[in-house]
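# Observations on the model geometry
The lines below spell out each chain.
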Amino acid sequence: MRVLVCGSKSYKDIDSICHTLNAAYLSWQVSRNEWRSCSGDMPAGRYWDEFVLIEGGAPGADEIAARWWAPQLERDDRVERLHIQVPADWGAPCDPAFCGKQHRRPREHGPGSYCPAAEARRNQKMLDEYHPDIVFAFTDEPPGDSKDTKDMCDRAIAAGVPVWVTWTDQHG
């Protein structure tokens, strides 16, 4: 099972992410074990072979998901390869499929410029290269206000990947 986590960079609700990922992981394990006990053989396909966490390496929801995964490394030496982090490549050349002409912006700190479509390219890459079975999105902003989280959800829905959104009002 391949789980993609995305969300607000300001997201801090550790419990909601951990409970969601624990439920997904345990559900996957139970399904695997029940299938084995009933048939003895596992059906072919990657869903049954591994549990994969995919995230974008950003602060907030992505970082919390990566921390949730860390204890798994101690239990199974196979698990390290099952955590896929895909950070946005801010310095990459612009891609006509994502970028308008001359939209690069100067860096606030340091020389050079960056591509503001880097996160959208990263979001598409996570879908195209790692084929998640579900996307869990976590936001602390009103629905739709987290631009990059909304972009990931919209892309996943367009690709036919189910999306589960958790909104936590952390601002009172």
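Residues numbered from 1 in each chain as written. Predicted model: local features only at pLDDT ≥ 70, side-chain atom pairs only at ≥ 80, totals over all residues. Heavy atoms only, no water.

## Overview of the sheet that holds strand E6 (residues 134-139)
Note the threshold: Paired strands are those between which DSSP finds at least two bridges. Each helix is a run of DSSP H or I of at least 4 residues and each strand a run of E of at least 2, with the numbering of both proceeding from the N terminus. Angles run from 0 to 180 degrees between N-to-C directions of axes, and those axes are lines fitted to C-alpha atoms, restricted for helices to the stretch in contact. Any two residues whose heavy atoms approach within 4.5 Å at even a single point are treated as in contact.
Read from one edge to the other, the open sheet built from 5 strands follows the order E3-E2-E1-E6-E7, with strand pairing classed as parallel. One side of each edge strand has no neighbouring strand; the edge strands of this open sheet are strand E3 (83-85) and strand E7 (163-167). Put simply, the sheet's adjacent strands are angled 20° from each other on average, direction ignored. As paired strands, strand E1 (residues 2-7) and strand E2 (residues 52-55) are joined by 4 bridges and run parallel to one another. Bridging across to E2, Leu 4 finds its partner in Ile 54. Taken strand by strand, helix H4 (residues 118-130) contacts E1, E2 and E3, and its axis lies near 155° from that of E2.

## Things to note about the packing of H4 against helix H5 (residues 147-158)
What counts, and what does not: The hand of a helix crossing depends on one turn: near helix anticlockwise from the far one by less than a right angle means left-handed, and clockwise means right-handed. Nonpolar residues are Ala, Val, Leu, Ile, Met, Phe, Trp, Tyr, Cys and Pro. Charged residues are Asp, Glu, Lys and Arg, and all others, Gly as well, are polar.
Viewed as axis vectors pointing N to C, H4 and H5 meet at an angle of 35°, and their least axial separation amounts to 10 Å. Crossing of H4 against H5: the hand is right-handed. Between H4, through Glu 119, Ala 120, Asn 123, Gln 124, Met 126 and Leu 127, and H5, the contact on the second element is made entirely by Asp 148, Asp 151, Met 152, Arg 155 and Ala 156. Here the contact of H4 with H5 is composed, by residue class, of 5 nonpolar, 2 polar and 4 charged.

## Things to note about the pattern of salt bridges
Worth spelling out the cut-off: Salt bridges are identified by distance alone: a Lys or Arg side-chain nitrogen within 4 Å of an Asp or Glu carboxyl oxygen. A 1.4 Å probe rolled over the protein chains alone gives each residue an accessible area, and that area as a share of the maximum for its type sets the label: buried under 20%, exposed over 50%, partly exposed in between.
The tally for this structure, following the rule as stated, stands at 6 salt bridges. A salt bridge links Lys 150 to Asp 154, with the shortest nitrogen-to-oxygen separation between them at 2.7 Å. Of this pair, Lys 150 and Asp 154 both sit in helix H5, 4 residues apart, which is roughly one turn of that helix. Using a relative accessible area of 40% as the deciding quantity, one classes Lys 150 as partly exposed. Two residues, Asp 151 and Arg 155, come together in a salt bridge whose shortest N-O distance is 2.9 Å. Of the two residues, Asp 151 and Arg 155 both sit in helix H5, 4 residues apart, roughly one turn of that helix. A cluster of three or more residues bridged by salt bridges with shared partners is formed by Lys 9, Glu 119, Arg 122, Lys 147 and Asp 148.

## Describing the packing of aromatic side chains
Threshold: Stacked, edge-to-face and tilted labels apply to pairs of Phe, Tyr and Trp rings (six-membered ring for Trp) whose centres lie within 6.5 Å, assigned for plane angles under 30 degrees, over 60, and everything in between, in that order.
Per the stated rule, a full pass over the model turns up 10 aromatic pairs. The interplanar angle of 50° and the centroid separation of 5.7 Å between the aromatic rings of Tyr 11 and Phe 138 together place this pair among those described as tilted. Here the residue Tyr 11 occupies a position in the loop between E1 and helix H1 (14-39), and Phe 138 occupies one in strand E6, the gap between them amounting to 127 residues. Each member of the pair, Tyr 11 as well as Phe 138, carries the same accessibility label: buried.

## Quick notes on unusual backbone geometry
Of note in the backbone geometry, His 131 takes a positive phi value of approximately 45° without being a glycine. When you line up the elements, His 131 lands in the loop between H4 and E6. Overall, the relative accessible area of 43% leaves His 131 in the partly exposed class.

## A short note on the nonpolar core
The condition that has to hold: Here, the term nonpolar core denotes a set of buried Ala, Val, Leu, Ile, Met, Phe, Trp, Tyr and Cys residues that are joined through side-chain atoms within 4.5 Å.
One finds Val 3, Ile 17, Leu 21, Phe 51 and Trp 68 to be the most contacted residues of the largest nonpolar core, which totals 35 residues. Elements with a contribution of two residues or more to this core: E1, H1, E2, helix H3 (61-75), H4, E6 and H5. Per-element tally for this core: the top contributor is H1, with 6 residues. Beyond its immediate chain neighbours, meaning those up to four positions away, Leu 21 contacts Val 3, Val 5, Leu 53, Ala 65, Trp 68 and Phe 136.

## Brief notes about H5
Stated formally: For a helix, the expected span equals 1.5 Å multiplied by the number of residues minus one. This arc is built from the directions going out from the helix axis to the C-beta atoms.
Over its 12 residues, H5 runs 16 Å from end to end, which matches the ideal 16 Å to within 8%, given 1.5 Å per residue. Listing the buried residues of H5 in full gives Thr 149, Met 152, Cys 153 and Ala 156. An end-on view of H5 places all buried positions within 95° of arc, on one side of the element. Within H5, the exposed residues directed more than 90 degrees away from the buried face are Lys 147 and Ala 158.

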